[in-house]
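# Secondary and tertiary structure notes
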Amino acid sequence: MKSLYISQQGCYIALQQELLLVKQQKEILAQIQLPHLEQVLIFGKSQMTTQAIRACLWRDIPIVYLSRQGYCYGRIVAINRGFRQLARYQQELSLGERLSVARAIVAGKLSNSRTLLQRYARQPNRESLRLTVQSLDYLIDKARRADSIEQLLGYEGAGAGSYFSAFSECLQGNDFEFVARTRRPPGNPVNALLSFGYQVLWNHLLALIEIQGLDPYWACLHHSSERHAALASDLLEEFRAPFVDSLVLWLINKRIINASQDFEHRDGGCFLNNSGRKKYLKSFVGRMEETVQNRDGEPQPRWDLLLQQVKAFKQFVYQPSLGYCPYSIR
Amino acid sequence: MHQSLSWWALPTLPDVPTEMLFYLIAYDIPCDKRRKKIADLLEGYGTRVQYSVFECILERAQYQELQKRLKKRYKSAEDSLRFYPLSQHTLSQVEVWGEPPLTRDSSSTVV
């Protein structure tokens, strides 16, 4: 997916024929070809002209407005996204069908977390990681046979707890400390990276859900509300460990992100600052554009894996008896 | 003739995803106004590599869309437009002498 991320502040995006020009004062920072663009994400205070917005709507390119930390304020989507035929099928799914998807999602998430830890557990002196892997195995098995959403959420919480306490052991060097997952606000740099990463990925999924004509407010595992597009949260679960957690480990262990320079402390929390946000997004884009084999064995950029899962969910809505199979790391 | 050959370089093969094709599009258009319009359109789909030559990596649907839009701006009596699709095989044998390098598939942008 070709996305335009505006992470710098005070940019001005204008239309010039078939191009979007990103300017700051008089300087042109980038030129983006509209026919190749799939979405625009604006972090913080940058402006788009009406002509540029209109050209995006015309081409069915959603525009997402986010805070600098990745919280989504809202989005602009073309008018023809409003007719949701598929959403009507979605609402006809039974409780049992939804539970079956919720089970698959939780088991998929836990199993991807397990695979990530297992890779690190191969190194010597990592006995405790192996214990966590075992407890995740147990929870995956439980999740596959859970018979209510409440039970599933319990297994998921237990799994996340033991996973994140093991996660800290995968960090190398002394600059970054991580004891437990904290959010709203994130308490330290590692949590800031994780939160920002999940937000960015969540917004990508939301855009794909919209584009495929699914109802983002109708989900299987998470509770929807007027303010929470729960389907994006459902589909995020299986991608957390492989797409975000592993990237965060890489950024820290390769010393790409710097604990003293790339973060700011305010409002009782820790957040990425301008340089940190840009570093994260650059690496995220780089990784998402790397080609991997998809389910059909074809080389595709990682972006395609997101789209495949949204399409898999769509397929499930059309034919619930076939079930939903989450993405799993190879 | 063993002097440096650095003024030309064998291009590395651009990564063209399976369902996309590499097109060379060339035009000859006498009318300034029409030429500008057609060039503007092509700027969105590909890269200008010479004054009237563009390289584009396009999906089938994008290629059809481009042709449809070009058709509206083109005047058959005076203008000439040429579209050359390149297969992976011939693409690997392309040579580029001078700038710019062979066009690659466009990617996401972080500003």
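The structure we're discussing is the one just above.
Presented here is a report on the structure given in the accompanying data block. (Residues numbered from 1 in each chain as written. Chains lettered and ligands numbered in written order. Predicted model: local features only at pLDDT ≥ 70, side-chain atom pairs only at ≥ 80, totals over all residues. Heavy atoms only, no water.)

## Concerning the sheet that holds strand E1 (residues 3-6) of chain A
Read across the open sheet, the five strands follow the order E8(A)-E7(A)-E5(A)-E1(A)-E7(B); overall the sheet is mixed. Sheet topology places strand E8 (72-76) of chain A together with strand E7 (109-110) of chain B at the edges, where each strand pairs with a single neighbour. Helix-sheet contacts for helix H6 (residues 189-211) of chain A involve E1, strand E5 (39-43), strand E7 (63-66) and E8 of chain A, and the interaxial angle to E5(A) is about 145°. (Pairing = 2+ DSSP bridges. Helix = DSSP H or I, 4+ residues; strand = E, 2+ residues; numbered from the N terminus. Contact = heavy atoms within 4.5 Å. Axes fitted to C-alpha atoms, helices over the stretch in contact; angles between N-to-C directions.)

## Points about the environment of Thr291(A)
On the secondary structure map, Thr291(A) appears in strand E11 (residues 291-293). For the pair formed by Thr291(A) and Asn203(A), sequence separation is 88 residues and the distance between their alpha carbons is 21 Å.

## Points about the pattern of salt bridges
Pairs can form between side chains of opposite charge once their charged atoms are near each other. For the coordinates displayed, the defined rule picks out 18 salt bridges over all chains. Between Asp105(B) and Lys2(A) there is a salt bridge, with its nearest N and O atoms 3.5 Å apart. Here the residue Asp105(B) occupies a position in the loop between strand E6 (96-97) and E7, and Lys2(A) occupies one in the segment before E1, the pair thus bridging two chains. The class of Asp105(B) is partly exposed, set by a relative accessible area of 22%. Between Arg114(A) and Asp137(A) there is a salt bridge, with its nearest N and O atoms 2.4 Å apart. In this pair, Arg114(A) is assigned in helix H3 (residues 95-121) and Asp137(A) in helix H4 (residues 127-144), connecting sequence segments 23 residues apart. Taking relative accessible area as the criterion, Asp137(A) reaches 34% and is therefore assigned partly exposed. (Salt bridge = Lys/Arg side-chain N within 4 Å of Asp/Glu carboxyl O. Buried < 20%, exposed > 50% of the residue type's maximum accessible area, 1.4 Å probe, protein only.)

## Side note on unusual backbone geometry
Pro100(B) follows Glu99(B) through a cis peptide bond whose omega is -10°. On the secondary structure map, Pro100(B) appears in the loop between E6 and E7. With a phi angle near 65°, Asp60(A) is a residue other than glycine that sits in the positive phi range. Considering the arrangement of structural elements, one finds Asp60(A) in the loop between helix H1 (50-58) and E7.

## Looking at a negative patch on the surface
Residues Glu38(A), Asp296(A), Glu298(A), Glu19(B) and Glu59(B) make up a contiguous surface patch of negative charge. Owing to a relative accessible area of 36%, Glu38(A) belongs among the partly exposed residues under this scheme. (Patch = residues over 30% accessible without salt bridge, like charges linked within 9 Å, V, L, I, M, F, W, Y side chains within 5 Å. Areas by Shrake-Rupley, 256 points an atom, 1.4 Å probe, with all protein chains shown as cover. Lys, Arg positive; Asp, Glu negative; His and termini not counted. Charge placed at Lys NZ, Arg CZ, Asp CG, Glu CD.)

## Looking at the sheet that holds strand E5 (residues 80-86) of chain B
All names here are of chain B. The strand order E3-E4-E2-E5 describes an open sheet built from four strands, whose pairing is antiparallel. Each edge of the sheet is formed by a strand with only one pairing partner; in this case those strands are strand E3 (46-50) and E5. Ignoring strand direction, the axes of neighbouring strands in this sheet form an average angle of 25°. Here strand E2 (residues 20-28) pairs with strand E4 (residues 53-59) via seven bridges, running antiparallel.

## A few points about the packing of helix H7 (residues 230-253) of chain A against helix H8 (residues 274-289) of chain A
All names here are of chain A. The N-to-C vectors of H7 and H8 enclose an angle of 125°; their axes lie 11 Å apart at closest approach. Here H7 lies oblique to H8, going by the angle between them. In this structure, H7 meets H8 at a crossing whose hand is right-handed. Contacts from Pro242, Phe243, Val244, Ser246, Leu247, Val248, Trp250 and Leu251 in H7 reach Tyr280, Ser283, Phe284, Arg287 and Met288 in H8. Looking at the contact of H7 with H8 residue by residue, the class counts come to ten nonpolar, two polar and one charged. (Parallel < 35°, antiparallel > 145°, perpendicular 65-115°, else oblique. Left-handed = near helix turned anticlockwise from the far one by under 90°. Nonpolar A, V, L, I, M, F, W, Y, C, P; charged D, E, K, R; others polar.)

## Overview of the side chain of Gln62(B)
Structurally, Gln62(B) is set in helix H2 (residues 60-73). When its relative accessible area of 12% is taken as the criterion, Gln62(B) is described as buried. If we skip the residues at most four places from it in the chain, Gln62(B) touches Pro35(A), His36(A), Met20(B), Tyr45(B) and Ile57(B).

## A short note on H6(A)
Residue and element names in this part refer to chain A. Over its 23 residues, H6 runs 33 Å from end to end, which matches the ideal 33 Å to within 8%, given 1.5 Å per residue. When you tally the buried positions in H6, you get 21 out of 23 residues, the bulk of the element. Of the residues flanking the end of H6, it is Gly213, one or two places downstream, whose phi is positive at about 80°. (Expected span 1.5 Å × (residues − 1).)

## Section: the packing of aromatic side chains
Residues and elements named next belong to chain A. Per the counting criterion, the structure on display carries 15 aromatic pairs over all chains. Seen in terms of ring centroids, Phe313 and Phe316 are 5.8 Å apart; in terms of plane orientation they differ by 45°. Their pairing is tilted. Residue Phe313 and its partner Phe316 are both found in helix H9 (residues 303-318); the two are separated by three residues, about one turn of the helix. Comparing Phe313 with Phe316, the two get one shared label, buried. Through a chain of ring-to-ring contacts, the aromatic side chains of Phe43, Phe196, Tyr280 and Phe284 assemble into a single cluster. Its end group placed over the ring of Tyr198, Arg240 keeps NZ or CZ at 4.6 Å from the ring centre. Taking NZ or CZ as reference, Arg266 lies 4.4 Å from the ring centre of Phe271, over its face. (Phe/Tyr/Trp six-rings, centres within 6.5 Å; stacked < 30°, edge-to-face > 60°. Lys NZ or Arg CZ within 6 Å of the ring centre and 35° of its normal.)

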